[in-house]
Amino acid sequence: IYCGNHTYHFRFFSFALPLLLAENMFGWRETILLTTVMLNAALGLFIFLSNRRNPINISFAAFAFGIALWPLSLVFFRTAPLASALSWLRLAYLSALMIAASFWVFAHYFPENKPAPKWKKFIAAIPTVALIAALVHPRFLVGDLFLAVSGRGSTLVLSHYLLYSGYFIFFFVGGLCVVG
């Protein structure tokens, strides 16, 4: 990949992809998710390395890394031992927070490269930090894990899920409204 004055070679993909596609390692769902991880991580890295100091590049790279982290955590939720699956599921919810928050920041910088007013940053930081702290609590949002014919699942605390969904919708749709 050519990026500015530098050329980056991603040799990892040339030997890792055949391993990921091996039928006995992952199923087709996990292979699709891991392909999504690699593509979004490469996109985020490419954008970030294009201009490391530009807030547009930083916020979009964070958005792409959040999108990469989300399916990665879902793969491990589906395939990890049951004892650690709950941690991977919590990481999936944390990565979705990262997606919404970084997109909102990106939308305020793009295309003029002007930051949001400080009061908007403050209003955005409070629920983001609060939800991150809440997701660390063992009984917030995610209840118990269960096994079904279709795979693993979890129960959700409805009031927490509504709060979480409201945050995600507000910041993601708010970012879409800002971009226009």
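To keep things clear, this report deals only with the structure shown in the data block.

So, how was this worked out
Sequence order sets the numbering: in each chain, residues are counted from 1 along the sequence as written. Totals for whole chains, interfaces and linings use every residue, but because this is a predicted model, local features are given only for residues with pLDDT of at least 70 and side-chain atom pairs only at 80 or more, for both listing and counting. For the side-chain quantities, the full set of heavy atoms in the structure was used; hydrogens and water were omitted. We count a stretch as a helix when DSSP gives it H or I for four or more residues in a row; a strand needs E for two or more, and each element gets its number in order from the N terminus. Working rule for helices: expected span equals 1.5 Å times residues minus one. Remark: exposure states derive from per-residue accessible area (1.4 Å probe, protein chains only) relative to the maximum for the residue type, with buried under 20%, exposed over 50%, and partly exposed in between. What the arc measures is the spread of directions leading from the helix axis to the C-beta atoms. Residue contacts are defined here by distance: any two heavy atoms, one from each residue, within 4.5 Å place the two residues in contact. Axis definition: a line fit to C-alpha positions, over the contact stretch in the case of helices; interaxial angles, taken between N-to-C directions, run 0 to 180 degrees. In this scheme, roughly parallel covers angles under 35 degrees and roughly antiparallel covers those over 145, while 65 to 115 is roughly perpendicular and the rest are oblique. Side-chain classes follow a simple rule in which Ala, Val, Leu, Ile, Met, Phe, Trp, Tyr, Cys and Pro form the nonpolar group, Asp, Glu, Lys and Arg form the charged group, and the remainder, Gly included, forms the polar group. Criterion used throughout: strands pair if DSSP finds at least two bridges between them. Here a Phe, Tyr or Trp ring, Trp counted by its six-membered ring, pairs with any other such ring whose centre lies within 6.5 Å, and the pair is stacked when the planes are under 30 degrees apart, edge-to-face when over 60, and tilted otherwise.

In this section: helix 6 (residues 158-179). Every α-helix winds through 3.6 residues per turn, so residues three or four apart in the chain are directed the same way. Here helix 6 is 22 residues long and its end C-alpha atoms lie 31 Å apart, about the 32 Å a rise of 1.5 Å per residue gives. Taken together, the buried positions of helix 6 are occupied by Tyr164, Ser165, Tyr167, Phe171 and Gly175. In an axial view of helix 6, the angular spread of the buried residues amounts to 155°, which keeps them on one side of the axis. Facing away from the buried side of helix 6 by more than 90 degrees, the exposed set consists of Leu158, Leu162, Ile169, Phe170 and Cys177. Packing partners of the buried residues in helix 6 comprise helix 4 (82-109) and helix 5 (118-136). Once helix 6 ends, the next one or two residues include Gly180, with phi positive near 100°.

At their nearest, the axes of helix 4 and helix 5 sit 10 Å apart, and the two run at 175° to each other. It follows that helix 4 is roughly antiparallel to helix 5 by the angle criterion. Two secondary-structure elements touch here, helix 4 through Arg90, Tyr93, Leu94, Leu97, Ala101, Trp104, His108 and Tyr109 and helix 5 through Lys120, Lys121, Ala124, Thr128, Leu131, Ile132 and Leu135. Tallied by class, the residues present in the contact of helix 4 with helix 5 amount to 10 nonpolar, 2 polar and 3 charged.

A separate point is the pairing of strand 3 (residues 142-148). Across 5 bridges, the pairing between strand 3 and strand 4 (residues 151-156) is antiparallel. Each bridged residue has a counterpart across the sheet, and for Ala148 the counterpart in strand 4 is Gly151. Counting the residues that bridge the hairpin from strand 3 to strand 4 gives 2 residues.

We now examine the packing of aromatic side chains. A full pass over the atoms with the stated rule returns 12 aromatic pairs. Seen in terms of ring centroids, Phe63 and Phe103 are 5.4 Å apart; in terms of plane orientation they differ by 40°. Their pairing is tilted. Highlighted residues: Phe63 in helix 3 (residues 55-79) and Phe103 in helix 4, separated in sequence by 40 residues. The exposure class of Phe103 is buried, given its relative accessible area of 10%. With 4.6 Å between their ring centres and 45° between their planes, Tyr167 and Phe171 make a pair best called tilted. One end of the pair is Tyr167 and the other is Phe171, both in helix 6 and 4 residues apart, which spans about a single turn. The exposure class assigned to Tyr167 is buried, which follows from its relative accessible area of 5%. Of the aromatic side chains, those joined through ring pairs into one cluster are Phe60, Phe63, Phe103, Phe106, Phe110, Phe168 and Phe172.

If you trace the backbone, Phe65 turns up in helix 3. Given a relative accessible area of 31%, Phe65 falls into the partly exposed group. Along the primary structure Phe65 and Ala42 are separated by 23 residues, whereas in three dimensions their C-alpha atoms are 8.8 Å apart. If we ignore the near neighbours within four places in the chain, the residues touching Phe65 are Ala41, Gly44, Leu45 and Met98.

All right, on to unusual backbone geometry then. Of note, the amide linkage connecting Phe110 to Pro111 takes the cis form, showing an omega dihedral of -5°. Its location among the elements puts Pro111 in the loop between helix 4 and helix 5. Backbone geometry places Leu141, a non-glycine residue, at a positive phi of 70°. Judged by relative accessible area, Leu141 falls into the buried class, the value being 0%.

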